[in-house]
Amino acid sequence: MIYYKTREEIEIIRESALLVSKTLGMLAKEVKPGVTPLHLDTLAEEFIRDHGGVPGFLGLYDFPNSLCTSVNEQVVHGIPNKRPLEEGDIISIDCGVLMNGYYGDHAYTFAVGEVSPEVERLLTVTRESLYKGIEQVQAGNRIGDIASAIQTHCEDHGYGVVRELVGHGLGKAMHEKPEVPNYGRQGTGKRLKEGLVIAIEPMVNLGTRKVKQLRDGWTIVTLDGKPSAHFEHDVAIVDGEPEILSTFDYVEEALATA
Ligand code: MG
Ligand code: MG
């Protein structure tokens with residue numbers, strides 16, 4: 001069952017999404033060679049609590065941390081560890097917040113120092129695909145329109161679009177209906193309606209789309225060991241049109257002044 005949100009609820013979700021955006025903006029200044037994902041996790045948890053939120057991932061399905069930190073061939077659900085980041089790595093940071101009873105859920109893949117041009121391109125195209133998907137979040141469209149827009153853009157660039165993990169509805173629960181896949185056919189799936197709030201999150205691999213889970217029970221990695229990127233926004237349908245509740249502005253501001 002899909003829970004469509006009132007304007008009031010959408011504003012509450014926006015607050016949670018914005019706290020995630022600000023957390024990612026704070027972390028953007030900290031992502032550099034020598035820093036450990038575990039340190040980033042500690043900073044994020046402090047920041048979220050200082051701003052009146054609760055880390056949304058901590059304890060969710062027994063996840064042990066506040067961030068998912070997925071480095072290089074790790075796609076998503078990486079557990080923050082003590083391995084220092086190295087020049088040329090990429091790190092996807094996925095962060096959730098629970099505030100006033102509603103979740104925000106939002107992710108960005110950061111370059112650690114200089115990355116290779118082919119990895120830079122992967123980040124650019126994955127991010128572009130997120131916005132291609134968001135354009136389709138119109139009342140009257142279907143889930144498949146979002147999915148197809150993302151898939152087409154990524155596959156046109158020769159990338160593998162992960163199928164095992166999908167975006168989702170968002171609200172009082174972190175993961176609500178409907179599922180929002182990053183692959184699919186135009187004109188198929190559930191019709192989109194006013195008040196829908198979804199997290200759209202393309203997970204895109206430089207090589208094969210195939211993935212596997214590590215023995216830690218969480219971390220998803222590419223089967224061929226090539227890097228993977230992940231960007232996520234929270235989007236609502238307001239007056240029939242997409243409204244992005246999260247923002248990369250804080251990250252971009254931080255990166256521009258780094
Ligand atoms: Mg997320
Ligand atoms: Mg999500």
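Since this is a predicted model, take the numbers as computed values, not measurements.

Conventions adopted
Residues numbered from 1 in each chain as written. Chains lettered and ligands numbered in written order. Predicted model: local features only at pLDDT ≥ 70, side-chain atom pairs only at ≥ 80, totals over all residues. Heavy atoms only, no water. Pairing = 2+ DSSP bridges. Helix = DSSP H or I, 4+ residues; strand = E, 2+ residues; numbered from the N terminus. Contact = heavy atoms within 4.5 Å. Axes fitted to C-alpha atoms, helices over the stretch in contact; angles between N-to-C directions. Donors = N, O, S within 2.8 Å, 3.2 Å for Na, K, Ca; no water. Buried < 20%, exposed > 50% of the residue type's maximum accessible area, 1.4 Å probe, protein only.

Before going further, it helps to examine the sheet that holds strand 13 (residues 228–230). The strands that make up a sheet are held in pairs by hydrogen bonds between backbone atoms, and each pair lies either parallel or antiparallel. Here 3 strands make up an open sheet; going across it, the order is 6-10-13 and the pairing antiparallel. The two strands at the open ends of the sheet, each matched to only one other strand, are strand 6 (160–161) and strand 13. Here strand 10 (residues 203–205) runs beside strand 13; their pairing, made up of 3 bridges, is antiparallel. Residue pairing across strands places N205 opposite S228, the latter belonging to strand 13. Across the sheet, helix 3 (residues 117–135) lies against strand 10 and strand 13, angled at about 35° from strand 13, the strand it touches most.

The strand order 8-7-9-14-15 describes an open sheet built from 5 strands, whose pairing is antiparallel. Edge positions in the sheet fall to strand 8 (176–180) and strand 15 (241–244), since each of these pairs with one other strand and no more. Shown here is a sheet whose adjacent strand axes are inclined to one another by a mean of 30°, direction ignored. Running at roughly 160° to strand 14 (residues 233–238), helix 1 (residues 7–28) makes contact with strand 9 (197–200), strand 14 and strand 15 of the sheet. In the packing of helix 4 (residues 143–156) onto the sheet, the strands contacted are strand 8 and strand 9, and the crossing angle to strand 8 comes to about 40°.

Only D105 (OD), H168 (NE2), E201 (OE) and E232 (OE) from the protein reach the magnesium ion (ligand 2) as donors, at distances of 2.0 to 2.2 Å. In primary-sequence terms, the residues that donate to the magnesium ion (ligand 2) follow D-x62-H-x32-E-x30-E. Separating the magnesium ion (ligand 2) from the magnesium ion (ligand 1) is a gap of 3.1 Å, bridged by D105, which donates to each. A residue pair is termed long-range when its members are at least 10 positions apart, and D105 in strand 5 (residues 102–111) and E201 in the loop between strand 9 and strand 10 qualify at 96 residues. In this pair, the class of D105 matches that of E201, namely buried.

Attention shifts here to the coordination of the magnesium ion (ligand 1). Taken together, the protein donors to the magnesium ion (ligand 1) comprise D94 (OD), D94 (OD), D105 (OD) and E232 (OE), at separations of 2.0 to 2.5 Å. Between the donor residues of the magnesium ion (ligand 1), the gaps in sequence give the motif D-x10-D-x126-E. Residue classification places D105 among the buried residues on the basis of a relative accessible area of 2%.

Our next topic: unusual backbone geometry. Looking along the chain, the bond that leaves K177 and enters P178 is cis, with omega of 0°. Structurally, the position occupied by P178 is in strand 8. Its identity is not glycine, yet Y61 carries a phi of approximately 50°, on the positive side. By relative accessible area, Y61 is classed as exposed at 53%. Here H77, not a glycine, exhibits a phi torsion of approximately 65°, which is positive. One can find H77 in the loop between strand 3 (74–76) and strand 4 (90–99). Using a relative accessible area of 26% as the deciding quantity, one classes H77 as partly exposed.

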